[in-house]
Amino acid sequence: MEASCLQYRLTDEERRAFNETGYIIVEDALSPDHVAALTAEVDRIYESRLQEGHDPKKALFYTDFVKDHPLFMELTDYGKILPKVWDILGWNIYMYHTHMIVTPPSGQEQSDKTFGWHQDSGRVNLEMESHPRPRLSLKVAYFLSDLSEPGRGNFWIVPNSHVQDTIQLPEGGNGQPEGAIPVCVKPGTAVFFDRRLWHAASTNWSDMTRKVLFYGYGYRWIRRKDDMTMDGLLEKSDPIRRQMLGDGLSCNGYYTPTDADVPLRVWLREQGLPV
């Protein structure tokens, strides 16, 4: 990590917004050239999946994509974003989940059918004995497509719902929960959201294809959500990236980490920051 990344730490306003609403929007996280380069690699992967038989009318949900190109790997510890992640979750973190979503035009007429509203983490939401449920993790979504208007397969959220264990859905399967909004953003925008925030994918009623990269970060004692491919990646990575990829010296180090287990803590200490 370069010390210059510290300028991208969470601001007081961003911290307040994330704690109160469950999400924040960071515009221009990626430059136009960066967006174009990432999009080219997403298109390459998408085309290969089509050739392998993926239905072109259905969205592609592709996990473990960071291994497929250095550009994806570089986002695991991206200097404009990771400082905000550790300011929210602390230093005992790693990247536990990644997925790429490519949503082609549905060819359907627009409707008001209720989306698939959910909180992330599956059984966690049934088995944790607290209220509200614990944060545990967050995701960063990098939007590569122009979703500045609704109807383009936008990510929908209910702001402030991250402290609600349940959500009231409309009866009859039509309409969205009270307070629900589409996230309308430009290419290059990064959206942080608390895993507990009630959210949903929506149908792409437009004539463009929606492309988004999701990076999930959580505490190191949380198991991976994907069988992530690490072959050859750790050896090519510096210590902090190795931590983000899940490297560790021992099982006990996930619960009572030493400096060798969490080089991010060492680096923060070297920058004179409290740890």
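Residues numbered from 1 in each chain as written. Predicted model: local features only at pLDDT ≥ 70, side-chain atom pairs only at ≥ 80, totals over all residues. Heavy atoms only, no water.

Participant: Sorry if this is basic, but what is going on with the pairing of strand 9 (residues 210–219) here?
Facilitator: In summary, the side chains of a regular strand alternate between the two faces of the sheet. Counting buried positions along strand 9 yields ten of ten residues, so the element is predominantly enclosed. Pairing geometry for strand 3 (residues 93–103) and strand 9, over ten bridges, is antiparallel. Bridge assignment links Met-95 to a residue of strand 9, and that residue is Tyr-217. Of the pairings in the sheet, the one linking strand 4 (residues 137–143) to strand 9 comprises seven bridges and is antiparallel in character. By the bridge assignment, Val-140 is partnered in strand 9 with Tyr-215. (Buried < 20%, exposed > 50% of the residue type's maximum accessible area, 1.4 Å probe, protein only. Helix = DSSP H or I, 4+ residues; strand = E, 2+ residues; numbered from the N terminus. Pairing = 2+ DSSP bridges.)

Participant: Sorry if this is basic, but what is going on with the side chain of Arg-195 here?
Facilitator: Here Arg-195 is to be found in the loop between strand 7 (189–194) and strand 8 (199–200). Although Arg-195 is buried, it makes no salt bridge; Asp-194 carries the closest opposite charge, 5.5 Å away. Within the structure, the side chain of Arg-195 is placed 2.9 Å from the side chain of Asn-125, a separation counted as a polar contact. The contact partners of Arg-195, leaving out residues within four places of it in the chain, are Gln-119, Asp-120, Ser-121, Val-124, Asn-125, Arg-133, Pro-134, Arg-135, Leu-136, Ser-137 and Leu-138. (Lys, Arg positive; Asp, Glu negative; His and termini not counted. Salt bridge = Lys/Arg side-chain N within 4 Å of Asp/Glu carboxyl O. Polar contact = N/O pair within 3.5 Å; in protein donor to acceptor, adjacent residues only side chain to side chain. Contact = heavy atoms within 4.5 Å.)

Participant: Just checking my understanding: could you explain helix 2 (residues 32–51) for this structure?
Facilitator: Quick reminder: α-helices carry 3.6 residues per turn. Residues three or four places apart thus point the same way. Under the 1.5 Å per step criterion, the end-to-end length of helix 2 is 28 Å for 20 residues, consistent within 8% with the ideal 28 Å. Turning to helix 2, its buried residues number three or more, namely His-34, Val-35, Leu-38, Thr-39, Glu-41, Val-42, Ile-45 and Tyr-46. One side of helix 2 carries all its buried residues, which in axial view fall inside an arc of 165°. Of the exposed residues in helix 2, those oriented more than 90 degrees away from the buried face are Pro-32, Asp-33 and Gln-51. Summarising the contacts, the buried residues of helix 2 are in contact with strand 2 (60–63), helix 3 (70–74), strand 3 and strand 9. One or two steps after helix 2, the chain reaches Gly-53, where phi turns positive at roughly 115°. (Expected span 1.5 Å × (residues − 1). Arc of directions from axis to C-beta.)

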